[in-house]
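Commentary on secondary and tertiary structure
Chain residues, written in single-letter form:
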Amino acid sequence: AKSQSVIVQSLMTAKSKGKIKGVLGRLGDLGAIDKKYDVAVSTACAALDYIVVETTADAQACVAHLRSNNLGVATFLILEKQRSLEGKMREAKKTSASAGGAPRLIDLIKPAEPRLEVAFYYGVRDTAVADDLDAASKIAYGGNVRRRVVTLQGQLIETSGTMSGGGSKPRGGRMRTRTAAPDLD
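Right, let's walk through the structure included here.

What follows deals with the pattern of salt bridges. Pairing of side chains with opposite charge becomes possible as their charged atoms draw close. Overall, the coordinates contain nine salt bridges when judged by the stated rule. As a salt-bridge pair, Asp107 and Arg104 come within 2.9 Å of each other at their nearest N and O atoms. For Asp107, a relative accessible area of 41% translates into the label partly exposed. Of the charged contacts, one joins Arg104 and Asp126 as a salt bridge, the two residues approaching to 2.5 Å between their closest N and O atoms. Residue Arg104 is located in the loop between helix 4 (83-95) and helix 5 (105-108), and its partner Asp126 is located in the loop between helix 6 (117-124) and strand 6 (128-130); the two are separated by 22 residues in the primary sequence.

Okay, structure coming up:
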């Protein structure tokens, strides 16, 4: 986590000095979610640590910056390449009647800007959130279509039928926890 913050900080500094452009920041910092769902989103969205950039050229410039400064490796989420998900995201929003009354994680995230919603959709897709593992199992396996479901405690049921969870301390803190979307600087 410390090396990731050094990478993001370096990229944002380079952007402010005009050396690179199109860097928006770490995905988890570009949106907010209610504290109740912190563990769920931190578990279900591996992409929260990805760095969001506008274009492929911006990602390439960032990689060159990391390489020339020997800062390490980062994964970049390129907004222009996510446009194909926008239609799927809108369609899913229309047709996705909450399974078993469980909300979708994407509907709980407040992006800093509307155009960033597709980046969060890339990370969570139509993952439902359940209060506990029993409710999650009913949602995941109860209908005609298997669903990806995460519990508030961080247990995750994938559409393939695999389940993950356990450990003494659930993972949280990978996304801002606020009631309103953050401001982009």
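Read on, since the account is not over.
Within helix 7 (residues 133-142), burial applies to Ala136, Ile139 and Ala140. Down the axis of helix 7, the smallest arc covering the buried residues is 95 degrees, so these residues share one side. Residues Asp134, Lys138 and Gly142 are exposed on helix 7 and point more than 90 degrees away from its buried face. Lining the buried residues of helix 7 we find strand 6, strand 7 (149-151) and strand 8 (156-157). For helix 7, the N-terminal capping position is held by Asp132, with its side-chain oxygen 3.2 Å away from the main-chain nitrogen of Asp134.

Another aspect to go through is the nonpolar core. With 32 residues, the main nonpolar core has Leu27, Ile33, Val41, Val52, Leu105, Phe120 and Val129 as its most contacted residues. Those elements that place two or more of their residues in this core are helix 2 (38-44), helix 4, helix 5 and helix 6. Top element by residues in this core is helix 6. It accounts for five residues. Ignoring sequence-local partners within four residues, the contact set of Phe120 consists of Leu27, Leu30, Gly31, Leu48, Ile106, Ile109, Pro111, Arg125 and Met175. Ile7, Val8, Val23 and Ala74 belong to the second-largest nonpolar core, a separate cluster that totals 14 residues.

Now for the sheet that holds strand 4 (residues 76-78). Spatially, the three strands line up as an open sheet ordered 1-3-4, and their pairing is mixed. For this open sheet the edge positions go to strand 1 (23-26) and strand 4, each flanked by a neighbour on one side alone. Taking each pair of neighbouring strands and ignoring which way they run, the sheet shows an average axis angle of 25 degrees. Bridge count for strand 3 (residues 51-53) against strand 4 is three bridges, and the pairing is parallel. Considered in strand 4, the bridge of Val53 is made with Ile78. Seen against the sheet, helix 3 (residues 56-68) touches strand 1, strand 3 and strand 4 and runs at an angle of roughly 165 degrees to strand 4.

Next up on the list: the sheet that holds strand 6. Whether parallel or antiparallel, the strands of a sheet pair through hydrogen bonds between backbone atoms. Ordered in space as 6-7-8-9, the four strands form an open sheet in which the pairing is mixed. Across the chains shown, the open sheet's two edge strands, defined by having one partner strand only, are strand 6 and strand 9 (163-164).

The rules behind these values
- Residues numbered from 1 in each chain as written.
- Predicted model: local features only at pLDDT ≥ 70, side-chain atom pairs only at ≥ 80, totals over all residues.
- Heavy atoms only, no water.
- Salt bridge = Lys/Arg side-chain N within 4 Å of Asp/Glu carboxyl O.
- Buried < 20%, exposed > 50% of the residue type's maximum accessible area, 1.4 Å probe, protein only.
- Helix = DSSP H or I, 4+ residues; strand = E, 2+ residues; numbered from the N terminus.
- Arc of directions from axis to C-beta.
- Contact = heavy atoms within 4.5 Å.
- Polar contact = N/O pair within 3.5 Å; in protein donor to acceptor, adjacent residues only side chain to side chain.
- Core = buried A, V, L, I, M, F, W, Y, C linked by side-chain atoms within 4.5 Å.
- Pairing = 2+ DSSP bridges.
- Axes fitted to C-alpha atoms, helices over the stretch in contact; angles between N-to-C directions.

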